[in-house]
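A look at the structure
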Amino acid sequence: DSGVTQTPKHLITATGQRVTLRCSPRSGDLSVYWYQQSLDQGLQFLIQYYNGEERAKGNILERFSAQQFPDLHSELNLSSLELGDSALYFCASSVDAARPEQFFGPGTRLTVL
Amino acid sequence: DQQVKQNSPSLSVQEGRISILNCDYTNSMFDYFLWYKKYPAEGPTFLISISSIKDKNEDGRFTVFLNKSAKHLSLHIVPSQPGDSAVYFCAASEGGGSEKLVFGKGTKLTVNP
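Quick caveat, the model's predicted, so the values are computed rather than measured.

Of regular secondary structure, chain A possesses 0 helices and 11 strands. Walking chain A from its N terminus toward its C terminus, one meets helices and strands in the order β-β-β-β-β-β-β-β-β-β-β. For chain A, the spread of C-alpha atoms along the principal axes amounts to about 40 × 25 × 25 Å. The burial tally for chain A puts 49% of its 113 residues in the buried class.

Pasting the structure below:
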């Protein structure tokens, strides 16, 4: 158990809908990262937050957004969902920039029908 | 363009023998490398890492070797155990405030009893 929690574990929705994925980092970790793993793809970095502020952005679609709250939990919002958004979404956390090791949650499997 | 490549999608070894997983990278700015292990329906688990100032790092049965001139790293598992059967991901970070991880597509290791 990495100490990172993600909810829900599974999500099934329809095209055009909007969903919110939630992540709670390990106790004491200030950075939260979101990654997407599609079929045939490795994990792709989406976005990072550090202590409530956006720190880095990857290939995140404009339909996707995220935020980190004062209690350090983070939410990833996916809107106008398309079939191609079906994937595993992982959240990871780390203490700070001094050590790059990130600890991953169990993931949320999103299925868009 | 894949910056981190794991050219072997799968590897099968006998219990007790050595498993060698390989990873190549193209980005000269990467200065920290990590290996993660992933079981089905779970998030990636951090295994071992190495800084670019080192060429070897050991942790129990796991050793990571880094050859900067060849832009190549490998993970050695000795002796291999059936519980090591999983997908192994190589990841890299540029550091210096850029903390996102760039992942390879993974190698599925099967250790046969």
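Quick look at the overall build of chain B now. Within chain B one finds 0 helices and 11 strands. Going from the N terminus to the C terminus, chain B shows its helices and strands as β-β-β-β-β-β-β-β-β-β-β. For 113 residues, the compact-globule formula gives about 13 Å, and the C-alpha radius of gyration of chain B, at 13 Å, lands near that figure. The principal-axis extent of the C-alpha atoms belonging to chain B is close to 45 × 30 × 20 Å. A burial count over chain B gives 46% of its 113 residues as buried. Restricting the contact set of chain B to residue pairs at least 6 apart, pairs at least 24 apart contribute 54%. If you sum the accessible surface of chain B, you get close to 5400 Å²; carbon and sulfur atoms cover 49% of it.

What follows is about the interface of chain A and chain B. Each partner contributes residues to the interface: chain A has 22 residues there, and chain B has 19 residues. Of the roughly 1600 Å² buried between chain A and chain B, counting both surfaces, carbon and sulfur atoms make up 60%. In terms of surface lost to chain B, no three residues of chain A exceed A:L43, A:P100 and A:E101, which account for 31% of the buried area on that side. One can count 0 salt bridges joining chain A with chain B. Counting across the chain A and chain B interface gives 4 residue pairs in polar contact (both at pLDDT 80 or more). For the side of chain A that touches chain B, the secondary structure elements donating two or more residues are β4 (31-37), β5 (43-50) and β10 (103-104) of chain A.

Here the focus is the pairing of strand β3 (residues 19-24) of chain A. Each regular strand shows side chains that alternate between the opposite faces of the sheet. Residues and elements named next belong to chain A. Alternating positions in β3 separate cleanly, V19, L21 and C23 being buried on one face and T20, R22 and S24 remaining unburied on the opposite face. Looking at chain direction, strand β1 (residues 5-7) and β3 are connected through 3 bridges and run antiparallel. If you follow Q6 over to β3, its bridge partner there is C23. Here β3 runs beside strand β8 (residues 74-78); their pairing, made up of 5 bridges, is antiparallel. Directly across from R22, in β8, lies its bridge partner E75.

All names here are of chain B. In this structure, N27 sits in the loop between β3 (19-25) and β4 (32-38). Polar side-chain contacts of N27 include one of 3.1 Å to the side chain of E94. Sequence-distant contacts of N27, that is, excluding residues within four places in its chain, are made with Q3 and E94.

The biggest cluster of nonpolar side chains holds 24 residues, and the ones touching the most others in it are B:F33, B:W35, B:L73, B:L75 and B:Y88. Among the elements that make up this core, the one with the highest residue count is strand β9 (residues 86-93) of chain B (4 residues). Counting residues in each nonpolar core, the second largest holds 21 residues, with A:V4, A:A66, A:A87 and A:V112 among its members.

Residues and elements named next belong to chain B. In space, the 5 strands of this open sheet follow the order β1-β3-β8-β7-β6, with antiparallel pairing throughout. Looking at strand neighbours, the two that pair on one side only are β1 (4-5) and β6 (56-59), the edges of this open sheet. Inspection of the sheet shows β3 paired to strand β8 (residues 72-77) by 6 bridges, in the antiparallel sense. Each bridged residue has a counterpart across the sheet, and for L21 the counterpart in β8 is L75.

This part takes up a nonpolar patch on the surface. Judged by side-chain polarity, B:I18, B:I20 and B:V78 come together as a nonpolar surface patch covering roughly 220 Å² of accessible area. Tracing the backbone shows B:I20 in strand β3.

Below, the discussion takes up the sheet that holds β1(A). Residues and elements named next belong to chain A. Sheet architecture is open: 4 strands sit in the order β1-β3-β8-β7, paired in antiparallel fashion. Each edge of the open sheet is held by one strand with a lone partner, namely β1 and β7 (64-68). Neighbour-to-neighbour, the strand axes of this sheet turn through a mean angle of 15°, independent of strand direction. Pairing geometry for β7 and β8, over 5 bridges, is antiparallel. Counted as the bridge partner of F64 is L78 from β8.

Rules used in this analysis
- Residues numbered from 1 in each chain as written.
- Chains lettered and ligands numbered in written order.
- Predicted model: local features only at pLDDT ≥ 70, side-chain atom pairs only at ≥ 80, totals over all residues.
- Heavy atoms only, no water.
- Helix = DSSP H or I, 4+ residues; strand = E, 2+ residues; numbered from the N terminus.
- Buried < 20%, exposed > 50% of the residue type's maximum accessible area, 1.4 Å probe, protein only.
- Rg over C-alpha atoms; globule rule 2.2 N^0.38 Å.
- Contact = heavy atoms within 4.5 Å.
- Areas by Shrake-Rupley, 256 points an atom, 1.4 Å probe, with all protein chains shown as cover.
- Buried area = accessible area lost by both parts, 1.4 Å probe.
- Salt bridge = Lys/Arg side-chain N within 4 Å of Asp/Glu carboxyl O.
- Polar contact = N/O pair within 3.5 Å; in protein donor to acceptor, adjacent residues only side chain to side chain.
- Pairing = 2+ DSSP bridges.
- Core = buried A, V, L, I, M, F, W, Y, C linked by side-chain atoms within 4.5 Å.
- Patch = residues over 30% accessible without salt bridge, like charges linked within 9 Å, V, L, I, M, F, W, Y side chains within 5 Å.
- Axes fitted to C-alpha atoms, helices over the stretch in contact; angles between N-to-C directions.

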